[in-house]
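Residue-level listing of the chains:
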Amino acid sequence: MRVGLLTGGGDCPGLNAVIRAVVRKGVQDYGYDFTGYRDGWRGPLQGSVSRLDIPAVRGILPRGGTILGSSRTNPFKEPDGVRRIRENLAKDEVDALIVIGGEDTLGVAARLHEEHGVRCVGVPKTIDNDLSATDYTFGFDTAVNIATEAIDRLHTTAESHMRVLVVEVMGRHAGWIALHSGLAGGANVILIPEQRFDLDEVCGWVTSRFRASYAPIVVVAEGAMPRDGDLVLKDAAAHDSFGHVRLSGVGEWLAKEIESRTGKEARTTVLGHVQRGGTPSAFDRWLATRFGLHAITAVRDGEYGRMVALRGPDVVRVPLREATARLKTVPDALYAEARTFFG
Ligand code: F6P
């Protein structure tokens, strides 16, 4: 049995931990061979491979990024994409594919399995934590820790200068990173895509924070939108091959609005890809390792068209289609809890 492995979409801490666990268990317990495909779906599309055996995965558990590389390639947008993938898998004698990715990468796996019989098992990853079938994706905890540390640091400099500091965090159209890091870091305002914000209300919170002789920290998710406007984008023309717009820009815009409405100096920190880089947290190493172990066991059981998912303490298998069908967003009640600390 030969198993192919690829990592697609935005990278996140923990990808290497999955690769290591899959290969270790696959070789030691099941006697499988592995082929690493380079750069997401571009690998099987172009026949671009890496050696993948136990020596190749030694020492990679704490390393960020992915030893296989990643990309946002969409094979359904490439001429003859599906035929080329099937031919390369056959040429490499790959019997099954473990696909580590988010909504887009796993959506491709679901279609390849359902429509073209490619034997795929999915592993969910994304710092955004927006896949509905799993309680958590690995990468999220690390991103939240990085953002929380940044907010802690920004508190001290904000107070030295009595400025408003706006922190823009990632998360695409879900506010999980903003909510968790904002609560953990003691932000005075948290703005998320699920709840349109009112600028007057935000300025009211900022002003009341100054009245209490503290400087406000405003955490804004890149996908957050004002009540009477749309997404605020630095580069509205930039899209990826899955058609997603490149988010970012709301932080800069918000600081300008706050400054002109309150008369207080306001600056922005955009955390950007720092949230995706570096070593995974202990939780993400643990989760990614368990996902890897369960994914290779799903291959051994011949359970294709499935994704591994965390439900409470258990790793379960869910249909790939279900895994990518619905975005997991922040419920109203969770956001309402955080509002206690606004202002
Ligand atoms: O999905 C992960 C993520 O980091 C989002 O939070 C963000 O909007 C997007 O990827 C950025 O993608 P890229 O690195 O391709 O610009």
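Residues numbered from 1 in each chain as written. Predicted model: local features only at pLDDT ≥ 70, side-chain atom pairs only at ≥ 80, totals over all residues. Heavy atoms only, no water.

1. Here's the deal with unusual backbone geometry
Counted only if it meets this: Each helix is a run of DSSP H or I of at least 4 residues and each strand a run of E of at least 2, with the numbering of both proceeding from the N terminus.
Phi is positive for Glu93, close to 55°, though the residue is something other than glycine. Within the element layout of this structure, Glu93 appears in the loop between α4 (81–91) and β4 (96–101). A positive phi is found at Asn129, a non-glycine position, where the angle reads about 55°. Looking at where Asn129 falls in the secondary structure, it is placed in the loop between β5 (120–124) and α6 (140–161).

2. Looking at the layout of surface pockets
Going by this rule: Any residue with an atom within 4 Å of a point lines the site, the site being either a cavity, points on a 1 Å grid over the protein atoms alone where a 1.4 Å probe fits but cannot get out, or a pocket, an open set with protein on both sides within 12 Å along at least 5 of 7 lines. Grid points are joined across faces, edges and corners, and a volume is the space filled by probe spheres set on the points. Each residue is assigned to one of three groups, with Ala, Val, Leu, Ile, Met, Phe, Trp, Tyr, Cys and Pro labelled nonpolar, Asp, Glu, Lys and Arg labelled charged, and all others, Gly among them, labelled polar.
Its boundaries defined by the atoms lining it, the largest pocket holds a volume of some 730 Å³. What lines the largest pocket is a set of 34 residues, among which Arg72, Met170, Arg172, His273 and Arg276 lie closest to the centre. Considering each element in turn, the lining of the largest pocket owes the most residues, 3 residues, to helix α5 (residues 103–116). For the lining of the largest pocket, the class distribution of residues is 7 nonpolar, 12 polar and 15 charged.

3. Focus: the packing of helix α1 (residues 15–30) against helix α10 (residues 282–300)
Counted only if it meets this: To obtain each axis, a line is fitted to C-alpha atoms, and for helices this fit is confined to the stretch in contact; angles are then taken between N-to-C directions over 0 to 180 degrees. Any angle from 65 to 115 degrees is called roughly perpendicular, while one under 35 is roughly parallel, one over 145 is roughly antiparallel, and all others are oblique. Crossings are assigned a handedness: left-handed for a near helix turned anticlockwise from the far helix by less than a right angle, right-handed for a clockwise turn. The contact criterion used is simple: two residues touch if any of their non-hydrogen atoms lie within 4.5 Å.
Viewed as axis vectors pointing N to C, α1 and α10 meet at an angle of 40°, and their least axial separation amounts to 7 Å. The pairing of α1 with α10 is recorded here as oblique in orientation. Pair α1 / α10 crosses with right-handed handedness. Facing α1, whose interface residues are Ala17, Val18, Arg20, Ala21, Val22, Lys25, Gly26 and Tyr30, α10 presents Arg285, Ala288, Thr289, Gly292, Leu293, Ile296, Thr297 and Arg300. Looking at side-chain class alone, the contact of α1 with α10 contains 8 nonpolar, 4 polar and 4 charged residues.

4. Observations concerning the sheet that holds strand β11 (residues 314–319)
Heads up, the condition is: Two strands are said to pair when DSSP picks up at least two bridges between them.
What the 7 strands build is an open sheet, ordered β3-β2-β1-β4-β5-β10-β11; its pairing is mixed. With one partner strand each, in any of the chains shown, β3 (49–52) and β11 form the two edges of the open sheet. Taken pair by pair, the neighbouring strands of this sheet meet at an average axis angle of 30°, ignoring direction. Two strands pair when backbone bridges link them, and strand β1 (residues 2–7) and strand β2 (residues 33–37) are joined in this way by 4 bridges, in the parallel orientation. Following the sheet pairing, Arg2 is matched in β2 by Asp33. Along the sheet, α5 contacts β1, β4, β5 and β10 (306–311); its crossing angle with β4, the most-contacted strand, is approximately 155°.

5. Quick notes on the packing of α6 against helix α7 (residues 176–184)
For the pair α6 and α7, interaxial distance at closest approach is 8 Å and the crossing angle is 45°. Relative to α7, the element α6 lies oblique. At the point where α6 passes α7, the crossing takes the right-handed sense. Where α6 approaches α7, its residues Phe140, Ala143, Val144, Ala147, Thr148 and Ile151 are matched on the opposing element by Trp176, Ile177, His180, Ser181, Gly182 and Ala184. Considered class by class, the residues forming the contact of α6 with α7 number 8 nonpolar, 4 polar and no charged.

6. A closer look at the pattern of salt bridges
Close approach of charged atoms allows side chains of opposite charge to pair. Rules: One speaks of a salt bridge when a side-chain nitrogen belonging to Lys or Arg is within 4 Å of a carboxyl oxygen belonging to Asp or Glu.
Applying the stated criterion to the full structure yields 23 salt bridges. Between Arg163 and Glu265 there is a salt bridge; the shortest N-O distance is 3.2 Å. Taken together, the residues Arg163 in the loop between α6 and β6 (164–169) and Glu265 in the loop between α9 (250–262) and β9 (266–270) connect sequence positions 102 residues apart. With its nearest N and O atoms 3.8 Å apart, the salt bridge here joins Asp198 to Arg227.

7. Quick look at the site of the ligand
Under the convention used in this document: For this purpose, a residue is taken to be near a molecule or strand whenever a single non-hydrogen atom of the residue falls within 4 Å of it. N or O atoms closer than or at 3.5 Å make up a polar contact, with two conditions inside protein: a donor-capable atom paired with an acceptor-capable one, and, for residues adjacent in sequence, both atoms drawn from side chains. To be clear on the numbers: accessible area is Shrake-Rupley with a 1.4 Å probe, and residue cover counts the displayed protein chains and nothing else. Molecules are considered to sit inside a cavity or pocket once more than half of their atoms lie within 2 Å of its grid points.
Near the ligand, the surroundings consist of Arg72, Ile127, Asp128, Met170, Gly171, Arg172, Glu222, His273 and Arg276. With respect to the ligand, the side chain of Arg72 contributes an N or O atom lying 2.8 Å from an oxygen atom. Between an oxygen atom of the ligand and a main-chain N or O atom of Gly171, the distance comes to 3.1 Å. In the complex, the protein chains occlude 81% of the 400 Å² of accessible area that the ligand would expose alone. According to the grid-proximity analysis, the pocket containing the ligand is the largest pocket. Of the residues in the shell around the ligand, the class split is 2 nonpolar, 2 polar and 5 charged.

8. Overview of the UniProt feature "site: Important for catalytic activity and substrate specificity" (unreviewed entry) in the protein chain
The test is simple: UniProt positions are given in the numbering used here, feature names are shortened, and annotations may be inferred rather than shown by experiment.
Within this structure's numbering, the places UniProt gives as "site: Important for catalytic activity and substrate specificity" (unreviewed entry) are Asp104. Along the polypeptide, Asp104 turns up in helix α5. Apart from residues no more than four positions distant in its own chain, Asp104 is found in contact with Arg172, Phe242 and His244.

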